[in-house]
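Now for the letters of each chain:
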Number of protein chains: 2
Amino acid sequence: MSPQPAAPRSRRERPAKPALTRDGIVATAVAIMRDEGLKRVTMRRLAQELDTGPASLYVYVRNTAELHAAILDELLGAVDLSPATTPGDWQDRLVRILSSYTAVLFEHPSLARSALVAMPSGEHYLDLLEALLALLSEGGIPDAQAAWGVDALLQYATSTAAEQSTRDRDGDAQGDWDALTTVLRDVSATTHPRLAALGDDLLSGPGQARLGWGLRVLINGMPHTPRPSTTDTP
Amino acid sequence: MSPQPAAPRSRRERPAKPALTRDGIVATAVAIMRDEGLKRVTMRRLAQELDTGPASLYVYVRNTAELHAAILDELLGAVDLSPATTPGDWQDRLVRILSSYTAVLFEHPSLARSALVAMPSGEHYLDLLEALLALLSEGGIPDAQAAWGVDALLQYATSTAAEQSTRDRDGDAQGDWDALTTVLRDVSATTHPRLAALGDDLLSGPGQARLGWGLRVLINGMPHTPRPSTTDTP
DNA sequence: ACCTGAACACCGTTCAAGT
DNA sequence: ACCTGAACACCGTTCAAGT
């Protein structure tokens, strides 16, 4: 017979069923995401894992969007902020931090999609913002530009990761991306001369390279671009 | 009695029930979105409107993502591309076209979210790309930068609209945005000095102003930022 | 070929009622 | 206060069967 006794288990074998607290809920959500993807991190699935009903979760989490934001903040603990206090070119160090941020998102691109809509506001996100602002300040970027610039950098990084989420997955959504590839290959040089001329180059390059380039474009452009005169500030 | 006879209607009063073709399906989808929002544009709802079952739609549309992309391309017909062939500063004209693009997305921010994941590949999108590339070329941006730059510009515009989708809606997701506002107000000047110093300015300004600024940052940075040496080009 | 009824396998969120 | 059973109002997608 199998050495594995068929004794009934209380449920699954998560890191021991956490108490029903916000932290326990988020930790379980992260575990499910690692095992089964963000798509499976639903209120119902989560409740099942915690041996309760979905309604119980609403005591600790306002809605699914807030849950996803909490998951992201948790993962953001893995971002390497050390370049903020290291010697060297400030632009390189800025890009290094942002690359570390993006690495997290590239591993969970569907989370990047959520992040665009519900930004996290947890500890780790604040630390990230602070580190980026310190480097912009060190680089002599005026406060006005830095305040908007840090948002632009993160938004660009996040949306690049979100966009990649489609391309990555096997087969399925691949089709949508191939659609543009195909159309671009067959475009008429008469009606769309620039598109025909550039061709494949429009879609060339690995995501990471395009991301790095885009971030440097933003960094290079920032000091040369004053903020608009404050006609209104709603 | 009411002058309105209570005679039974075949269904609703859409622009006359279109034939079951791809174009008819997309047209109906656009109508539902205008009336009830993108959230309601589901395969089932759409099928109901067309007096059929959801399975029938899969003959014409691969999946929901492709449907959303088709809707966006339809709306992109409203983008004003005329600045591409008008005299004046090329940067201003570039921003004008992108503002027109974003205006469409700001009216349907949930569509912007879809667009990040499944870019449209229809007629109108191609025309938009061509117009933007023509202006970048006119501005003397080298082809290599223009090819990646047009994508960066559109991605930045799209993600800005997507991000705004949360802030706009009444009440509901407002909470998520207020979360960051609140946290930022209470941040400690000891642990996060830059955040404390910049304070509200991090979140200040209307979306349109921030968007315009970000686009100009990209445009200004582009000519100063060569593409990385092509070590590998997967 | 095109179309569809019916099913499979799920969702988020609320609310009245319990402890 | 915290927790929950049950319900409400939905989803996308597939497939075998029809025309």
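In this convention, every chain numbers its residues from 1, walking through the sequence in written order. Chains carry letters from A onward and ligands carry numbers from 1 onward, assigned in written order. Confidence filtering applies because this is a predicted model: local features only for residues at pLDDT of at least 70, side-chain atom pairs given and counted only at 80 or more, and all residues used for totals across whole chains, interfaces and linings. Heavy atoms throughout the structure, all of them, feed into the side-chain values; hydrogens and water do not.

By the naming in an unreviewed UniProt entry, chain A is TetR/AcrR family transcriptional regulator, taken from Streptomyces aureus.

A closer look at the confidence of the model for chain A
Confidence scores labelled pLDDT are given residue by residue by the predictor and lie between 0 and 100. Per-residue confidence for chain A gives a mean pLDDT of 86; residues scoring 70 or more make up 84%. Secondary structure counts use DSSP, requiring at least four H or I residues in a row for a helix and at least two E residues in a row for a strand, with both numbered from the N terminus. Averaged over each element, pLDDT in chain A is lowest for helix 9 (residues 174-185) of chain A (73) and highest for helix 7 (residues 123-138) of chain A (97).

Quick notes on the pattern of salt bridges
All names here are of chain A. The salt bridge definition used is simple: a Lys or Arg side-chain nitrogen within 4 Å of an Asp or Glu carboxyl oxygen. For the structure on display, the rule yields 20 salt bridges over all chains. Arg22 is paired through a salt bridge with Glu66; the nearest N and O atoms lie 2.5 Å apart. One end of the pair, Arg22, is in helix 1 (residues 22-36); the other, Glu66, is in helix 4 (residues 64-75), with 44 residues separating them in the sequence. Residues Glu66 and Arg62 are paired through a salt bridge, measuring 3.5 Å at the closest nitrogen-oxygen approach. A relative accessible area of 14% places Glu66 in the buried class. Linked through salt bridges whose partners overlap, the residues forming this network are Arg22, Arg62 and Glu66. Each residue gets one of three labels from its accessible area relative to the maximum for its type: buried under 20%, exposed over 50%, partly exposed in between, using a 1.4 Å probe on protein chains only.

Remarks on the UniProt feature "DNA-binding region" (unreviewed entry) in chain A
UniProt positions are given in the numbering used here, feature names are shortened, and annotations may be inferred rather than shown by experiment. According to UniProt, the "DNA-binding region" (unreviewed entry) feature falls on residues 42-61 of chain A. A distance of 12 Å separates the end C-alpha atoms of residues 42-61 of chain A, which is 55% helix and 0% strand.

A word on the packing of helix 4 of chain A against helix 6 (residues 109-117) of chain A
Residue and element names in this part refer to chain A. Following both chains from N to C, one finds helix 4 and helix 6 inclined at 115 degrees, their axes separated by 9 Å at the closest point. In this structure, helix 4 crosses over helix 6, and the sense of that crossing is left-handed. Contacts between helix 4 and helix 6 involve His68, Ile71, Leu72 and Leu75 from the former and Leu111, Ser114 and Ala115 from the latter. Under this grouping Gly is polar, as are all residues other than the nonpolar Ala, Val, Leu, Ile, Met, Phe, Trp, Tyr, Cys and Pro and the charged Asp, Glu, Lys and Arg. Residue composition of the contact of helix 4 with helix 6, grouped by class: 5 nonpolar, 2 polar and no charged. Lines are fitted to the C-alpha atoms to define the axes, a helix being fitted only along its stretch in contact, and any angle between axes, read from their N-to-C directions, falls within 0 to 180 degrees. For a crossing to be left-handed, the near helix must be turned anticlockwise from the far one by less than a right angle; the clockwise case is right-handed. Residue contacts are defined here by distance: any two heavy atoms, one from each residue, within 4.5 Å place the two residues in contact.

Let's talk about the domain arrangement of chain A
Residue and element names in this part refer to chain A. Start and end points for every domain follow an automatic or database-based domain assignment. When its domains are assigned, chain A resolves into domain 1 (17-75) and domain 2 (84-224). Taking only C-alpha atoms into account, the centre of domain 1 sits 28 Å from that of domain 2. Taken together, the contact pairs 11 residues of domain 1 with 14 residues of domain 2. Two parts lose some accessible area (1.4 Å probe) when they are put together, and adding that loss for both gives the buried area. Summing both partners gives a buried area of about 1,000 Å² for domain 1 against domain 2, and 70% of it is carried by carbon and sulfur. If you sort the residues of domain 1 by the area they bury against domain 2, Leu38, Leu72 and Asp73 come out on top, with a joint share of 54%. The interface formed by domain 1 and domain 2 includes 0 salt bridges. Distance and chemistry together define a polar contact, namely a pair of N or O atoms within 3.5 Å, with one atom able to donate a hydrogen and the other to accept it when in protein, and with adjacent residues in sequence counting only for side-chain atoms on both sides. There are 5 residue pairs in polar contact (both at pLDDT 80 or more) connecting domain 1 and domain 2. A per-element tally of the side of domain 1 that touches domain 2 places helix 4 first, with 8 residues. Split by residue class, the side of domain 1 that touches domain 2 holds 7 nonpolar, 1 polar and 3 charged.

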